[in-house]
Amino acid sequence: MRDTNAPKPDLSRGRPYLAIPGPSVMPDRVLAAMHRAAPNIYAGALPEMVAGLWPDLRAVAGTAQHVAAYIGNGHAAWEGANANLFSRGDHALVLATGRFGLSWAESARAMGVNVEVMDFGTSSPVDMNRVEDRLRADTTGQIKAVLTTHVDTASSIRTNIPALRAAMDAARHPALLAVDCIASMACDEYRMDDWGVDVTVAASQKGLMTPPGLAFVWFSEAARQRCKGGDLCTPYWNWGPRAEPAEFWQYWCGTAPTHHLFGLREALTMLLHEEGMEAVWARHEVLARAVWAAFDAWGAGNPRIGLNVADPAHRSRAVTAARLGAPDATRLRDWTETQAGVTLGIGLGMAAPSDPAWHGFLRVAHMGHVNAHMTLGALGVMEAGMTALDIPHGPGALAAAAKVIASGARPSRPIPP
Ligand SMILES: *Cc1c(COP(=O)(O)O)cnc(C)c1O
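Predicted model, so just to flag it, every value in this text is computed and none were measured.

K.L.:
How would you explain the overall build of the protein if you had to name every residue and give the values?
P.N.:
The secondary structure content of the protein amounts to 13 helices and 14 strands. Expected size for 417 residues packed as a compact globule is a radius of gyration near 22 Å; at 22 Å, the protein falls within 12% of this value. Considering only C-alpha atoms, the protein reaches an extent of 75 × 55 × 50 Å along its principal axes. The buried share of the protein, reckoned over its 417 residues, is 54%. When contacts within the protein are restricted to residue pairs at least 6 apart in sequence, long-range pairs at least 24 apart make up 72% of them. Of the accessible surface of the protein, which amounts to about 17600 Å², a share of 55% is contributed by carbon and sulfur atoms. Side chains of the protein carry 36 positive and 39 negative charges; the gap between the two charge centres is 2 Å.

K.L.:
Residue-level account of the side chain of T375, with values.
P.N.:
Relative to the helices and strands, T375 is located in helix α12 (residues 372-388). Classification of T375 as buried rests on a relative accessible area of 3%. Aside from chain neighbours lying at most four places away, what touches T375 is L287, A290 and V291.

K.L.:
Tell me about the sheet that holds strand β11 (residues 306-307), residues and numbers included.
P.N.:
In space, the five strands of this open sheet follow the order β1-β13-β14-β12-β11, with mixed pairing throughout. The strands lining the two open edges of the sheet, one partner per strand, are β1 (17-19) and β11. Across two bridges, the pairing between β11 and strand β12 (residues 319-323) is antiparallel. Residue pairing in the sheet places G306 in a bridge with R323 of β12. On top of the sheet, α12 reaches β1, β13 (342-346) and β14 (361-365); it is set at about 80° to β13, its chief contact.

K.L.:
An account of the side chain of E132 is requested, with residue identities and associated values reported.
P.N.:
Along the chain, the position of E132 falls in helix α5 (residues 128-137). For E132, a relative accessible area of 17% puts it in the buried group. Setting aside residues up to four positions removed in sequence, E132 forms contacts with A167, A170 and A171.

K.L.:
A description of the environment of A279 should follow, citing residues and the corresponding values.
P.N.:
Tracing the sequence through the fold places A279 in helix α10 (residues 277-299). You can call A279 partly exposed: its relative accessible area is 34%. Separated by 79 residues in the primary sequence, A279 and T200 have C-alpha atoms spaced 22 Å apart.

Rules and cut-offs
- Numbers given to residues run from 1 along each chain, matching the order in which its sequence is written.
- This being a predicted model, a pLDDT of at least 70 is required before a residue's local features are given, and a value of 80 or more before pairs of side-chain atoms are given or counted; all residues contribute to the totals for chains, interfaces and linings.
- No hydrogens and no water enter the side-chain calculation; it runs on all heavy atoms of the structure.
- Secondary structure counts use DSSP, requiring at least four H or I residues in a row for a helix and at least two E residues in a row for a strand, with both numbered from the N terminus.
- Atoms considered for the radius of gyration are the C-alpha atoms alone. The globule rule reads 2.2 Å times the number of residues to the power 0.38.
- Accessibility here uses a 1.4 Å probe with only protein chains present; expressed as a share of the type maximum, an area under 20% marks a residue as buried, one over 50% as exposed, and anything in between as partly exposed.
- We call two residues contacting when some pair of their heavy atoms lies within 4.5 Å.
- In this description, accessible areas are obtained by the Shrake-Rupley approach with a 1.4 Å probe, and a residue is regarded as covered only by the protein chains that are shown.
- His is not counted here, nor are the chain ends, while Lys and Arg score as positive and Asp and Glu score as negative.
- Where a charge lies is defined by one atom per residue type: Lys uses NZ, Arg uses CZ, Asp uses CG and Glu uses CD.
- Note: two strands are recorded as paired if DSSP finds a minimum of 2 bridges between them.
- Note on geometry: axes are lines fitted to C-alpha atoms, helical ones only across the stretch in contact, with angles between N-to-C directions running from 0 to 180 degrees.

Nothing here speaks to function; it is geometry throughout.
Laid out in structure tokens, this is it:
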């Protein structure tokens, strides 16, 4: 028998799991690809590799049109899009479903764009009828672009982009459609060209499984034509030379982000050429459904526990926002990190950090390089934490999640005789 007075073991030792919605878990292959001496930026391996990277960057967003990359994070991607889309005084309509649409609006406003926000709150999807009505009312076509998030990472609401395109078409409005896919890219299904999107923004550190530091702006030919010569388009942000550089340095308007590029190369090889985008989306779908099934079970008979987004059709497959009752969300996050090596996401935008209610929200990320055992492990650790902390929760969550994984898995390989 173990001495009951012996110190308790530290069960967090082992490989930690960062289950926050960015930065996401990175494959060791991506990290290893970056581990090299600085390359020559004028000739050789780096410029040769980058020539092949651009077609794959287009493919990951589902476009055959243009892409510009920047050294930056998601905020830089917003500014890159704004600088090219708008001139000072232009009008933009922002559809917000949480926190990040509002932040994109602030970024555009600070650059002198006339921004109108339609705020749908933190747990409801965009109301397409309201958008259509608003666009119909703009009889002079003042609104130059509609900006929205594909997934708002704070609320985990996913916007139905084809439905938004249809609403814009029904209103016969000429505005360009610009979509923030920073959370959703390479997690939630996304088809820029098929869905009629003009501008897509993303960054490297979420579904693209690469360290923070690369920002991407994909743009349609229509956007390229309509956005020439704007007064916000300074040389650094100009998407033209970045998308069609005459010389290698123009991809970056300066020194290339050398090591990030080798990491991104490996990540895109894994996503596009080994797994395939359809399979990547399907994997995130199953993992997301496992998380939802667990919350449904924990929350049965426990109204303190529940998912933020009621309708699965409007939920992200990259991240799940949930409530656990204050202060239990904070207690649980602290427990899983310090006792079991799993870091969960804070609740964002659901209450002010100074409000005690803030401690009732958390997020579970399932974006990037994640698989069944990681998701089941995170859920198991959450259940252990709720048990340790006496947080009331319904039974059967892990069995429900396991069932989702079992039914989502591929058929087993036959055992060789
Ligand atoms: C993470 C995120 C951002 C901000 O990205 P940063 O790299 O932190 O600047 C913007 N929009 C969405 C939807 C995000 O998930």
